Amino acid sequence: MAAPLPIAWLNGEFVALSEARISPLDRGFLFADSVYEVLPVYDGRPFLFNAHLSRLERSLSAIGMAPPLPRSRWAELLGELVARNGGGQQFVYVQVSRGAEYGRNHAPDPTLTPTLFMMTSPLAPLDPSVRAHGVDAVTVADERWKRCDIKSNALLANILAKNVAARAGATEAILLAQGQLREGASSAVMIVRNGVIYAPPEGNEILPSTTRVLVTLLATRLGIPVQQQVITEAELRAADEVLLGFATRGVLPVCRLDGTAINSGHPGPVWQRLQTAFEAYRSTVASLPIDEEA
Ligand SMILES: Cc1ncc(COP(=O)(O)O)c(C=O)c1O
């Protein structure tokens, strides 16, 4: 592990990450009985706080857990954690597990105290090569479970897919099922055709992406139509542009899919307009309170 590690927050206390400890009996460790969030921080301000907290509350509710803290308390803690780690550009990882329990019971003891954990990591700026050349992606069969709308720590299938991409030197694995586009191993995927952005329908098969919601807002402001509809593999491969949305990386243009160029093989005009709008949006919200967006 790289040193020095930052300050983390674990079960009510700020601690050096190198000193943070949880029990091996934690259900997050034994069963992946836990959910998580990842929030970007720009200029010391957590971005899209309410969107991320709504999704965390939604994931918790989906696994039968109550929110362990009110949103106002998460806001205070996040603000303090980011400040203790020097502000600037970071991303915060938040994990809530059902807690630690001896006996390895599949059915959890309903009286457990959840384990709450947050840590920060540096947020890399957009790689200049992306503006010129975009990124590579490969397609992989979606082998995940039927509740991909829950941001669960059970990520083995995502990891295996990402590893296929990594071995091919690609940034992302784009998941396909029944001849249709789902999403990336850790991103939302949208396509552009004839000036319209198309996104796969919301539902249990994909995560509700915060970046995709922002793309929809910015595109609408730019007069670019956005439509939700099933996208076939053939439509993906023939798209004018393919866009990946990640909270930690913004929107990235895919310029090669399985080694074949998408359109001209360079980032397209819709990505460029969205990127400019995204950067402008970030500076517009920079001075707003953490729980407000423009
Ligand atoms: C499977 C999956 N889909 C989509 C996304 C994109 O969500 P967001 O835009 O909120 O980062 C992520 C991000 O972690 C993800 O892991």
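Below, the structure is looked at part by part. By convention here, each chain's residues receive numbers from 1 onward along its written sequence. At least 70 in pLDDT is required for a residue's local features to be given in this predicted model, at least 80 for side-chain atom pairs to be given and counted, and no such filter applies to totals for whole chains, interfaces and linings, which use all residues. Calculated side-chain values reflect all of the structure's heavy atoms, with hydrogen atoms and water omitted.

1. Some points on helix α6 (residues 210-222)
Then comes step 1: What counts as a helix is a DSSP run of H or I of at least four residues, what counts as a strand is a run of E of at least two, and both are numbered from the N terminus. In this scheme, a helix's expected span is set at 1.5 Å multiplied by one less than its residue total. The terminal C-alpha atoms of α6, which comprises 13 residues, lie 18 Å apart, in line with the 18 Å expected from a rise of 1.5 Å per residue.
Then comes step 2: Throughout, exposure labels follow a simple rule: accessible area from a 1.4 Å probe, protein chains only, divided by the maximum for the residue type, with under 20% read as buried, over 50% as exposed, and the rest as partly exposed. Here α6 has its buried residues at T210, T211, R212, L214, V215, L218 and A219.
Then comes step 3: Two to three positions downstream of the cap, the backbone nitrogen of T211 sits 3.2 Å from a side-chain oxygen, assigning the N-cap of α6 to S209.
Then comes step 4: Immediately beyond the C-terminal end of α6, within one or two residues, lies G223, with a positive phi of roughly 80 degrees. Pairing of N or O atoms within 3.5 Å defines a polar contact, subject to two protein rules: one partner must be a possible hydrogen donor and the other a possible acceptor, and residues neighboring in sequence count only if both atoms are side-chain atoms.

2. Remarks on the sheet that holds strand β2 (residues 13-16)
Then comes step 1: By the convention used here, strands pair only if DSSP detects at least 2 bridges between them. With antiparallel pairing, 6 strands are arranged side by side in an open sheet as β2-β1-β6-β5-β3-β4. Each of the sheet's edge strands pairs with one partner strand only, and the pair in question is β2 and β4 (45-46).
Then comes step 2: Where strand β5 (residues 90-97) and strand β6 (residues 115-122) come together, 8 bridges link them in antiparallel fashion. In the strand pairing of β6, Q95 is matched with F117.
Then comes step 3: Whether two residues are in contact is decided by their heavy atoms: any pair within 4.5 Å suffices. Lines are fitted to the C-alpha atoms to define the axes, a helix being fitted only along its stretch in contact, and any angle between axes, read from their N-to-C directions, falls within 0 to 180 degrees. Of the strands in this sheet, β3 (34-42) and β5 are in contact with helix α2 (residues 49-62), which crosses β3 at around 175 degrees.

3. Some thoughts on the site of the ligand
Then comes step 1: For this description, a residue counts as near a given molecule or strand if any of its non-hydrogen atoms is within 4 Å of it. Of all residues adjacent to the ligand, which total 17 residues, the nearest are R55, E183, S209, T210 and T211.
Then comes step 2: Computed with the Shrake-Rupley method and a 1.4 Å probe, the accessible areas treat only the protein chains shown as cover for residues. With the chains in place, 93% of the 380 Å² that the ligand exposes on its own is no longer accessible.
Then comes step 3: Elements with a contribution of two residues or more to the shell around the ligand: β9 (180-184), α6 and β13 (241-246).

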